[in-house]
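Spelled out, the chains give:
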Amino acid sequence: ETFSGLDSYITGMFYGNFPFWRTILCSFFITICGVVLILLCTSMCAWYLNRSNSIVCKIIYYFCIFSMVVPFQMVMFTLSKTADNLHLTTPWGILIIYLGFGAGLAVFMFSGFVKSIPIEIEEAADVDGAGPLKTFFGIVLPIMKPTFISVAILETMWIWNDYLLPYLILDKSYRTIPIHIQYLNGSYGHSDTSAIMALIVLSIIPIVIFYFACQKYIIEGVVAGAVKG
């Protein structure tokens, strides 16, 4: 009885013929690369859309906002077929899909913060000879740090805990932690509840650590914004 809890962890990790270490690596790879890709692309996109006054940029911005309204259930079957035709059923391919679904909220949040950045700072950098990339990565990006951390936490929690999208898109040779946990539910209603609970505990530990590590940066950003206002 003393080691019943440990037995649950071992049972969950070694269930089936799929190595659990591959599941962990797959989840970490998709989450880290997906979040980095979303942060980099959407922050640059939001900055450009706000600094450009063209009608095309405004239309793209409203399309990003509209994408948050469309329910995933409306597009999931078409998306699954399209991903299969385009060979996006690998951990590399699903990153593109996560970028598409995560861009709406990220662009919206980054756009709101970019509007508060004085454009005179960027104009001064332009006078000093800084190009667009140097201006963004050297000036705009450090100022956007609080929003960067906030978006990173939201996107990390979404991608790490997501079950439906990897289940529909990924090939059967790849599994994330939520999919591995689902496989513990056997047929005819049989399920190993203790093993499922054990793996759920393991799955939330990285998110909790990440949140507490970034919490001080969010608080600093909120305080700085309050003093600045």
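Up top is the structure.
What counts, and where the lines are drawn
- In this numbering scheme, every chain counts its residues from 1 along its sequence in written order.
- Thresholds applied to this predicted model are a pLDDT of at least 70 for local features of residues and 80 or more for the giving and counting of side-chain atom pairs; totals over whole chains, interfaces and linings are not thresholded and use all residues.
- Working from all heavy atoms in the structure, the side-chain values ignore hydrogens and water.
- Elements are defined by DSSP. Helices are runs of H or I of four residues or more, strands are runs of E of two residues or more, and each kind is numbered from the N terminus.
- Accessible area is worked out with a 1.4 Å probe on protein chains only. A residue is then buried under 20% of its type maximum, exposed over 50%, and partly exposed in between.
- Two residues form a contact once any of their heavy atoms are found within 4.5 Å.
- All accessible areas in this document rest on Shrake-Rupley with a 1.4 Å probe, and a residue is counted as covered only by the protein chains that are shown.
- Side-chain rings of Phe, Tyr and Trp (the six-membered ring for Trp) are treated as a pair once their centres are within 6.5 Å; stacked means planes under 30 degrees apart, edge-to-face means over 60, and tilted covers the remaining angles.
- Residues enter patches when their relative accessible area tops 30% and they take part in no salt bridge; the joining distance is 9 Å for like charges and 5 Å for the nonpolar side chains Val, Leu, Ile, Met, Phe, Trp and Tyr.
- Each salt bridge in this description consists of a side-chain nitrogen of Lys or Arg and a carboxyl oxygen of Asp or Glu lying within 4 Å of one another.
- His is not counted, nor are the chain ends; Lys and Arg add positive charge and Asp and Glu add negative charge.
- For this purpose, a charge sits on NZ of Lys, CZ of Arg, CG of Asp or CD of Glu.

Caption draft 1: Region of interest: the overall build of the protein. Counting secondary structure elements, the protein contains 11 helices and 0 strands. Taken from the N to the C terminus, the helices and strands of the protein come in the order α-α-α-α-α-α-α-α-α-α-α. Considering the protein as a whole, with its 229 residues, one finds that 35% of them fall into the buried category. Contacts spanning at least 24 positions in sequence make up 80% of the contacts within the protein whose residues lie at least 6 apart. A total accessible area of about 13600 Å² is found for the protein, and carbon and sulfur atoms account for 70% of it.

Caption draft 2: Structural detail: the packing of aromatic side chains. As enumerated under the stated definition, the model contains 10 aromatic pairs in all. Taken together, a centroid distance of 5.4 Å and an interplanar angle of 45 degrees make the contact between tryptophan 47 and phenylalanine 136 tilted. Of the two residues, tryptophan 47 sits in helix α2 (residues 20-51) while phenylalanine 136 sits in helix α7 (residues 132-143), which places them 89 residues apart along the sequence. Measuring from centroid to centroid gives 5.6 Å for tyrosine 61 and tyrosine 62, while their planes differ by 65 degrees, and the two rings are edge-to-face.

Caption draft 3: Spotlight on a negative patch on the surface. On the surface, a cluster of negative charge is contributed by Glu120, Glu123, Asp126 and Asp128. Relative to the helices and strands, aspartate 128 is located in the loop between α6 (119-127) and α7. Owing to a relative accessible area of 68%, aspartate 128 belongs among the exposed residues under this scheme.

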